[in-house]
Amino acid sequence: MSEKQARRGAAQQKLLAFASLIVLVVGFSLASPAFFRIDNIMSILQATSVNGVLAVGVTLVIITGGIDLSIGTLMTFCAVMSGVVLTWGGMPLPLGVIAGIATGALCGLISGTLVAKAKIPPFIATLGMMLILKGLSLIVTGTKPIYFNDTEGYTTISQGSLIGSIIPQFPLPNGVLILFIVAAVIAWVLGRTVLGRYTFALGSNEEAVRLSGVDTDRWKMAIYALAGGIVGIGGILISSRLNSAQPALGLGYELEAIAAVVIGGTSLAGGRGTILGTLIGALIMSVLTNGLRVMSVAPEWQTVVTGAIIIVAVYADQLRRRAAV
Amino acid sequence: MSEKQARRGAAQQKLLAFASLIVLVVGFSLASPAFFRIDNIMSILQATSVNGVLAVGVTLVIITGGIDLSIGTLMTFCAVMSGVVLTWGGMPLPLGVIAGIATGALCGLISGTLVAKAKIPPFIATLGMMLILKGLSLIVTGTKPIYFNDTEGYTTISQGSLIGSIIPQFPLPNGVLILFIVAAVIAWVLGRTVLGRYTFALGSNEEAVRLSGVDTDRWKMAIYALAGGIVGIGGILISSRLNSAQPALGLGYELEAIAAVVIGGTSLAGGRGTILGTLIGALIMSVLTNGLRVMSVAPEWQTVVTGAIIIVAVYADQLRRRAAV
Amino acid sequence: QDKMSVALISKGFQHQFWQAVKQGADKAGADLGVDVTFEGPDNETQVDKQMDMLAAALAKKPSAIALAALDSQAVIPQLKQAQSAGIPVLAFDSGVDSDIPVATASTDNVAAAAMAADKMAELIGGSGQIAVVAHSQTSATGIDRRDGFVNEIKEKYPEIQIVTIEYGDGDHLKSTEITKAILAANPDIKGIFGTNEGSAIGVLNGAREMNSKVVVVGFDSGKAQKDAIRSGAMAGAITQNPVGIGYETVKAAVAVAKGETVAKNIDTGFFWYDKSNIDAPEIAAVLYD
Amino acid sequence: MTDLVRMEGIDKRFPGVHALKSVGFDLRPAEVHALMGENGAGKSTLMKILSGVYHPDEGRILIDGAKVALPTPGAAQALGIGIIHQELALMPDLTVAQNIWIGREPRLSLGRIDEARQNADTAALFAAMNIRMDPRARVGGLSIARQQMVEIAKALSHRSRVLIMDEPTAALNDAEIAELFTIIRQLRSEGVGIIYISHKMDEIRQIADRVTVMRDGAYVGTVQAADTPISRIIQMMVGRELADAAATIPDLAGSGTALEVRDLTRGTELRKISFTLKRGEILGFAGLMGAGRTELARAIFGAEPADGGEILVQGRAVTIRSPADAVQAGIGYLSEDRKHFGLALGMDVRANIAMASLPRYADRIGRIREPELARIARDYIQTLAIRTPGDRQEVRLLSGGNQQKVVIAKWLLRDCDILIFDEPTRGIDVGAKAEIYRLLGELAAEGKAIIVISSELPEVLRLSHRIAVMCEGRLTGILPGGASQEQIMELATRRETLAAE
Ligand SMILES: Nc1ncnc2c1ncn2[C@@H]1O[C@H](COP(=O)(O)OP(=O)(O)OP(=O)(O)O)[C@@H](O)[C@H]1O
Ligand SMILES: Nc1ncnc2c1ncn2[C@@H]1O[C@H](COP(=O)(O)OP(=O)(O)OP(=O)(O)O)[C@@H](O)[C@H]1O
Ligand SMILES: [Mg+2]
Ligand SMILES: [Mg+2]
């Protein structure tokens, strides 16, 4: 009986996590007529796509109790490698996409190896990777952006609208569609597969998993590699949006993605977290930024208000959780 | 007997932690004659002063198992408040210094309250504070720097050399002296006082401490406030060096400080860490940056090499520790 | 009955240069009776953040949009969107590779940096080692000023050797440390060029902390640079006319929104200033604190 | 018949500790071999070597007569060696079923886990153990006793040929122990060899075939359980005879009330509990697992404050919203879960002992008087026979029983007027147990009021002046000291739900 109660409580809690988001959306809609209009909503979603994908990737790493600071510059490096293959190499589009994702997975694997095998704390291993990748992007490109002008359809990856071509009233950009697909797949992986199980298990008590005879190192490396691959998708999305790989971009994006994850209720201590929460976290952040801009709040006040609302949103969530218990 | 052995082992380990630093210094000295000269060494130390002070402050928070992302922008806000008191208010120097430090302590206390009382995860609470303080600095100053031209002796705080006036061959800047004093005091607090003991205990097992009848919330707030006060000292140092409070500065400094702490062997999981390690971590970072610049390594390669050396240094430390066990 | 509004999307907003642009824009807004909004990303790498700002600005349906594009290609789809929505677009600070913007108010950064090079050569007597502390390796202004300076030196002054180019993100402290490392590694260096306000002040601080008499040439304005030039610590600097950029941009935007035609290129100019002319009225007018 | 397991000349050193000194051990199929020894004797270390967690410095291990290497826990599992660790090794964020099948999940295509089958298998496992347990419950939310059940089920699910049980019953009470023994006998009849570690001497008689005793990391001897008196085993363990006196119940008519609890209520876990505790009295709390004794203690202590009711200390009503309030009012509470709620594992013995009393040993500017604390810590190490290389040893490196002694020392040092001990002797060896009983008796004689919660009825009977019995969150009765086990069990099973039906 009490257990059933507890389970109902948990479901309720998840639904309630939307609350902060909805309050924000309603608030902004009332404050400015320009906010709740289909094109602005699409802008918000489009703005969420890259950060959302990065956040989904880093959610995996965070659930294992790790952290990945390299995602921002890795995203850029993946975009660069995709540009190298497509623009410099003149290869067909799918190969470029694969190159970007493979770069991400490989770099993730390297980070994972440093963490699992060399026992370097994730913060340091990925901080090092962040700097290395930042430098490499500049070196490979010679500090100049690589443009995708010669690759037909590259911008469509993120900016086109498959759904819009079917339902013209709902021109959801492909980038957002991709975010939702990635999120759904990863949510499925986390909830249903062995990999997902070990992700939670590692974050919950790594030593216990090892004592159970599981090759924890290998799984950890796999998780970092998967996260890297997702970041690679993020790299494709951002370069498709910019129609170029901008080598200097990326630093600071990791913090934003991690913030989305934590706002979404995933614990930095590991062991718990949801992809849905991460999506909501990422949406809260882009709704906030867009809403304050649409309201023409002065930029310096935007920062202050964003900071305050993030704190209040998480606090409200905290209160609800305590009330639920 | 065996206890002595164990303690000797621990001491040895600490001494060995210098090794990476020494290898770096020796390497750069061999690579460039300009590196190991008194004025360049003083430059390196001076370059460590601000980051070192911030790192010492955030070490406290990290040992409790928390994190403080607001230190970079808080540093700036403290400098701004000191500027408000001194330049706009025309108050005497000591009051300005006190204002800066008090601002830091107060903001730290707010962060601590959010973490301890409102149970907001430290990452979020201090991320919010980071944004709020960033905005406030811009708002208070009207986005213009505040100069300390009218306050005699302000630049001496960091740039003068008390020691140099006694031993002219060794012109250690006051900023570095202040860093060493702050580090020594905090090392003493951590090692010898009740506050220090609870800092470690909170990071080791907060619930056990609470169930020992300790008012954990109050202590946590005190620790964040102390850390904030130290960040305030960092704010004084940087504004003394720049002879101005630059309101746009600060973002990114937190990552550098946290990196120094982690390179110095303090665990982000809390419960362990040393101020000596943090100092060494901060020094490793400034030696690296300075050395690569003195060697005229191309900037994009500087980043790559820095990333790689950070990983290698921590890996070497890791190996030594394992060997020591 | 609706008041006209002009949305300016710049490359940044916290730095003094952008604040001076904003000041000019606000003044024009007040003079002409239009609402002016001004914003920009935290740093000049965040191309996608600027696109998000542009999107938010479009949602507000202003009378005109003015843009200082971080990457001109990336924003073209949105500029087309503006065009189809009937919102006129202007460019400021740097141009956009497209015929959508009806007018561009900008500084020729290459020429400005070349002028800095000429002055530097003159100040150090036409030979010796110099260095550059730039604010960005990738942004348009960073590249233009670096290349404008470097190419001018290479072409005209074979006796002058540029020993190193470092990048300090326009961060005062970082630029200070860079300068100190340059001075430590190259004790014979005669001059250093800082490519924006933060870089120039950093060079100045570094030189002072190292007790070096190196010739410092700066860029942009601000109280510290003005003081340093007056005291002789800085030999001189190039200033653009950011207030003018802001003012002219808004003025042109309002004109376009009203259906008037404006000049395609509005050159806001740049000036060399040093101890000798800093208080001259035409210079004082373009300097800002 | 070849031995199932044979360990020869096993030697293991840790920094500052020679944990195993050329120890030998053997196990035959279809036997229960008890491994006995004081806290820190090296039992767990030996078993961790056999299960691939630690690697011996010297010595060899034979399985079925063949020399084997055990580089990882996985290698040991592959050889059919299963272990229930003394310190629970569970993943708190995962469910019961997920914990049990970690690393061996039944899979569907695409790496999917067959969650339904996993839950069904788990349910079957617990059904065979005669325990009600929801496979989908989160382990972190279970009491320590129920977590222990999960560990046992996990070990059983391996169907190992060699099953090591390191203090499996430390957190269980008689009813559950009886169930476990049924399972053990069943396994033995199937040919499984079982290594059984426990500090509960009476269990040895019931379950063990042979007994091997260790002392100070060295092998002492192996005897047949059936024809060796317990006193002889104890003597082998501690090297001397132990004389244990029964409790004498003092006359407390004249002493005042130290603690009075009136209608304490919290949700459905605690329902209108009232009792009084006198100065100088030891009140034992008995009950089945989940009876709510821990909840009651935590409510009084403010760890999870009650919804309703009153608490009076020394006759005065007090509001207790947090443990700090409770300690202020003179109440101390030793938790049943030392690892999560008792110790800062990464800190040293001295700091842990001082944890609750720190301000008392500091001057005005907060400087700690270390020499004094060092002296105190060494005193406790001596009195409680805590086996540690010194007071600066990190607590996580101590054996389980010695960790428990550190927690006890912490509360003894705090010197509260009212002390609540929840399972104080969990994992503590016979010798030290007798010492702790003596200390509790002395404290009571000094006028302290003491509550002892214990799952071991003999312990409750041995210590208590009065015995309170709980069932399903209600206090079902208070018996005088020296009551019979039957009386207690009658009250402990007086279920309201049953009565209603
Ligand atoms: N990792 C370690 N590092 C240092 N010392 C250790 C370590 N593990 C165990 N020890 C020490 O080895 C000795 C044997 O410990 P072990 O855990 O085997 O004892 P035990 O017989 O199981 O005791 P208990 O009955 O208390 O569980 C103890 O003195 C303990 O402190
Ligand atoms: N069989 C069970 N089914 C469901 N929940 C249970 C069961 N047994 C215990 N619990 C719950 O677990 C929680 C803690 O149990 P725990 O065994 O610690 O209680 P307790 O009264 O302290 O037990 P003990 O009397 O053994 O100390 C209680 O909230 C209890 O309701
Ligand atoms: Mg043991
Ligand atoms: Mg209990």
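The rules behind the values
- Residue positions are given per chain, counted from 1 along the sequence in the order it is written.
- Chains and ligands are labelled sequentially in the order written, the chains with letters from A and the ligands with numbers from 1.
- For a predicted model such as this one, the threshold for reporting local features is a pLDDT of at least 70, and the threshold for listing and counting side-chain atom pairs is 80 or more; totals across whole chains, interfaces and linings nevertheless cover every residue.
- Computation of side-chain values covers all heavy atoms of the structure but excludes hydrogens and water.
- UniProt positions are given in the numbering used here, feature names are shortened, and annotations may be inferred rather than shown by experiment.
- In this description, contact between two residues means that some pair of their heavy atoms is separated by no more than 4.5 Å.
- Using a 1.4 Å probe, buried area is obtained as the accessible area two parts lose upon being combined, added over both of them.
- Whenever a nitrogen or oxygen atom comes within 3.5 Å of another N or O atom, the pair is scored as a polar contact, on the condition that within protein one atom can donate a hydrogen and the other can accept it, and that pairs from neighbouring residues in sequence are kept only if both atoms are in side chains.
- For this purpose, a residue is taken to be near a molecule or strand whenever a single non-hydrogen atom of the residue falls within 4 Å of it.
- All accessible areas in this document rest on Shrake-Rupley with a 1.4 Å probe, and a residue is counted as covered only by the protein chains that are shown.
- Working definition: helices are DSSP H or I runs of at least four residues, strands are E runs of at least two. Numbering for both runs from the N terminus.
- Residue polarity follows a fixed list, in which Ala, Val, Leu, Ile, Met, Phe, Trp, Tyr, Cys and Pro are nonpolar, Asp, Glu, Lys and Arg are charged, and the others, Gly among them, are polar.
- Only residues with pLDDT of at least 70 in both copies count here: their C-alpha atoms drive the least-squares fit that superposes the copies.
- Shown as donors are all N, O and S atoms within 2.8 Å of a metal ion, widened to 3.2 Å for Na, K and Ca; because water is not in the atom set, sites may appear incomplete.
- As used throughout, domain bounds are those supplied by an automatic or database domain assignment.
- Only strands that DSSP links by at least two bridges are regarded as paired with each other.
- Relative accessibility under 20% of the residue-type maximum defines a buried residue, over 50% an exposed one, and the middle range a partly exposed one, all with a 1.4 Å probe and only protein chains included.
- Axis definition: a line fitted to C-alpha atoms, limited for helices to the stretch in contact. Angles are taken between N-to-C directions and run from 0 to 180 degrees.
- Cavity: a set of points on a 1 Å grid over the protein atoms alone where a 1.4 Å probe fits but cannot get out. Pocket: an open set with protein on both sides within 12 Å along at least five of seven lines, its lining residues, like those of a cavity, having an atom within 4 Å of a point.
- Grid points are joined across faces, edges and corners, and a volume is the space filled by probe spheres set on the points.
- Salt bridge, as applied in this entry: a Lys or Arg side-chain nitrogen positioned within 4 Å of an Asp or Glu carboxyl oxygen.

Named according to an unreviewed UniProt entry, chain D is Monosaccharide ABC transporter ATP-binding protein, CUT2 family originating from Paracoccus laeviglucosivorans. Looking at the Subcellular location (unreviewed entry) heading of the UniProt record, one finds this comment for chain D: "Cell membrane".

Engineer: Could you clarify how one ought to interpret the interface of chain A and chain B in this entry?
Structural biologist: Interface size, as often reported, equals the accessible area lost upon joining of the parts. Each partner contributes residues to the interface: chain A has 40 residues there, and chain B has 41 residues. Taking both partners together, chain A and chain B bury about 3300 Å²; carbon and sulfur atoms supply 88% of that area. If you sort the residues of chain A by the area they bury against chain B, Phe-123, Ile-124 and Ile-311 of chain A come out on top, with a joint share of 18%. For the interface between chain A and chain B, the tally reads one residue pair in polar contact (both at pLDDT 80 or more).

Engineer: Looking at this model, I keep getting lost on the site of ligand 2. Mind explaining?
Structural biologist: Residue and element names in this part refer to chain D. Taken together, Ser-143, Arg-146, Glu-269, Leu-288, Met-289, Gly-290, Ala-291, Gly-292, Arg-293, Thr-294, Glu-295 and Glu-336 form the complete shell of residues around ligand 2. Backbone polar atom of Ala-291 to an oxygen atom of ligand 2: 3.2 Å apart, as the coordinates give it. The side chain of Thr-294 places a nitrogen or oxygen atom 2.4 Å from an oxygen atom of ligand 2. Across the complex, the protein chains shield 74% of the 600 Å² of accessible surface that ligand 2 would expose by itself. Tallying contributions element by element places helix α9 (residues 293-301) first for the shell around ligand 2, with three residues. Split by residue class, the shell around ligand 2 holds three nonpolar, four polar and five charged.

Engineer: Explanation requested: the relation of the copies chain A and chain B in the structure shown.
Structural biologist: Relating the two copies of this chain is a rotation about some axis coupled with a shift parallel to it. Of the two same-sequence chains, chain A is brought onto chain B (RMSD 0.1 Å, axial shift 0.0 Å) by a rotation of 180°. The two molecules are tied by a two-fold rotation axis, judged by turn and shift. With an isologous cut-off of 70% or more, the 100% of interface residues of chain A that recur at the interface of chain B puts this contact in the isologous class.

Engineer: For this particular structure, what's the right way to read the UniProt feature "domain: ABC transporter" (unreviewed entry) in chain D?
Structural biologist: With numbering aligned to this structure, UniProt lists the feature "domain: ABC transporter" (unreviewed entry) at residues 5-241 and 247-497 of chain D. Spanning residues 5-241 of chain D, this segment combines 33% helix with 27% strand, and its end C-alpha atoms are found 32 Å apart.

Engineer: I keep staring at the coordination of the magnesium ion (ligand 4) and nothing clicks. Help me out?
Structural biologist: Between any two of four tetrahedral donors, the ideal angle at the metal is 109.5 degrees; between two of six octahedral donors, it is 90 or 180 degrees. Each protein donor to the magnesium ion (ligand 4) is listed here as Thr-294 of chain D (OG1) and Glu-336 of chain D (OE); together their distances run 2.0 to 2.5 Å. Here Glu-336 of chain D lies in the loop between β16 (331-334) and α11 (338-342) and Thr-294 of chain D lies in helix α9, a separation of 42 residues in the sequence.

Engineer: For this particular structure, what's the right way to read the site of ligand 1?
Structural biologist: All names here are of chain D. Near ligand 1 you find 21 residues, and of these Gly-40, Lys-43, Ser-44, Thr-45 and Ser-399 are the closest. Between ligand 1 and Gln-86 there is a distance of 2.8 Å, counted from an oxygen atom to a side-chain nitrogen or oxygen. The contact in question runs from an oxygen atom of ligand 1 to an N or O atom on the side chain of His-199, over 2.8 Å. For ligand 1, whose accessible area on its own is 640 Å², the fraction buried by protein is 92%. Across the shell around ligand 1, the residue classes tally to seven nonpolar, 11 polar and three charged. A domain-level breakdown of the shell around ligand 1 finds at least three residues from each of domain 1 (5-238) and domain 3 (343-413).

Engineer: Can you help me understand the pairing of strand β12 (residues 270-278) of chain D in this one?
Structural biologist: A regular strand carries its side chains on alternate faces of the sheet. Residues and elements named next belong to chain D. As paired elements, strand β11 (residues 257-266) and β12 share six bridges and run antiparallel to each other. Residue pairing in the sheet places Leu-259 in a bridge with Leu-277 of β12. The antiparallel hairpin formed by β11 and β12 contains three residues in its connecting segment, where Gly-267 sits at a positive phi of about 50°.

Engineer: What should I look at first to understand the coordination of the magnesium ion (ligand 3) in this one?
Structural biologist: Residue and element names in this part refer to chain D. Here the magnesium ion (ligand 3) is held by Ser-44 (OG) and Gln-86 (OE1), and the distances to it run 1.9 to 2.0 Å. Within this pair, whereas Ser-44 is found in helix α1 (residues 43-50), its partner Gln-86 is found in the loop between β6 (81-84) and α3 (96-100), the two being separated by 42 residues in sequence. You'll find Ser-44 and Gln-86 in the same group, each marked buried.

Engineer: What's the story with the domain arrangement of chain D in this structure? I'm lost.
Structural biologist: All names here are of chain D. Annotation of chain D at the domain level lists domain 1 (5-238), domain 2 (243-330 + 416-501) and domain 3 (343-413). Between domain 2 and domain 3, the C-alpha centre-to-centre distance is 26 Å. The interface of domain 2 with domain 3 comprises 16 residues on the first partner and eight residues on the second. Roughly 950 Å² is buried in total at the junction of domain 2 and domain 3, and carbon and sulfur atoms are behind 77% of that figure.

Engineer: Sorry if this is basic, but what is going on with the arrangement of the chains here?
Structural biologist: Highest in contacts among the five pairs of chains that touch are chains A and B. Taking C-alpha atoms only, the smallest gap left between chain C and chain D, which are not in contact, amounts to 37 Å.

Engineer: Help me understand the sheet that holds strand β9 (residues 210-215) of chain D in this model?
Structural biologist: The strands that make up a sheet are held in pairs by hydrogen bonds between backbone atoms, and each pair lies either parallel or antiparallel. Residues and elements named next belong to chain D. Here we have six strands laid out as an open sheet, ordered β6-β7-β8-β3-β9-β10, and mixed in their pairing. Of all the strands in the sheet, just β6 and β10 (218-224) have a single pairing partner and so form its edges. Pairs of neighbouring strands in the sheet enclose a mean axial angle of 20°, with direction left out of account. Note: strand β7 (residues 162-166) against strand β8 (residues 193-197), five bridges, orientation parallel. Residue pairing for β8: Ile-164 is matched across the bridge by Ile-195. Against the sheet, α1 contacts β3 (32-37), β6, β7, β8 and β9, and its axis sits at roughly 135° relative to β3. Helix α8 (residues 230-238) contacts β3, β9 and β10 of the sheet and is inclined by roughly 25° relative to β9.

Engineer: Please clarify how empty space enclosed by the protein should be interpreted in this entry.
Structural biologist: A water-sized probe, rolled over the atoms, reveals where empty space remains. For the structure shown, the criterion picks out nine cavities of 30 Å³ or more. Taken as a whole, the largest cavity spans an internal volume of roughly 170 Å³. Considering the residues around the largest cavity, the lining is formed by 17 residues, among which Leu-211 and Ser-212 of chain A together with Gln-77, Ile-83 and His-85 of chain D are closest to the centre. Listed by contribution, the elements that provide at least two residues to the lining of the largest cavity are α10 (194-211) of chain A together with α2 (73-78), β6 and α5 (144-157) of chain D.

Engineer: Would you mind showing me how to read the interface of chain C and chain B here?
Structural biologist: The interface is formed by 30 residues belonging to chain C together with 30 residues belonging to chain B. Between chain C and chain B, roughly 2600 Å² of surface is buried when both sides are summed, and carbon and sulfur atoms account for 51% of that area. The tally of links from chain C across to chain B stands at three salt bridges. Note that Arg-241 of chain B is salt-bridged to Glu-209 of chain C, the shortest N-O span being 2.7 Å. Summed over the shared surface of chain C and chain B, the result is 11 residue pairs in polar contact (both at pLDDT 80 or more). Of the residues forming the side of chain C that touches chain B, the biggest block, 10 residues, is contributed by helix α6 (residues 172-185) of chain C. Broken down by class, the residue content of the side of chain C that touches chain B amounts to 10 nonpolar, eight polar and 12 charged.

Engineer: Help me understand the pattern of salt bridges, please; the structure alone is not making it clear to me.
Structural biologist: Taken as a whole and judged by the stated rule, the model has 65 salt bridges over all chains. In this structure, Lys-180 of chain C engages Glu-209 of chain C in a salt bridge whose closest nitrogen and oxygen atoms are separated by 2.8 Å. Separated by 29 residues along the polypeptide, Lys-180 of chain C in helix α6 and Glu-209 of chain C in helix α7 (residues 197-209) bring together distant segments of the chain. For the pair Lys-180 of chain C and Glu-209 of chain C, one class covers both residues: buried. Here Asp-348 of chain D and Arg-392 of chain D are joined by a salt bridge, their closest N and O atoms 2.8 Å apart. Taken together, the residues Asp-348 of chain D in the loop between α11 and α12 (349-354) and Arg-392 of chain D in the loop between α13 (370-383) and α14 (400-414) connect sequence positions 44 residues apart. Note on Arg-392 of chain D: relative accessible area 42%, which makes it partly exposed. Among the ionic contacts, a cluster of salt bridges with common partners joins Arg-197 of chain B together with Arg-350, Glu-370, Arg-378 and Asp-391 of chain D.

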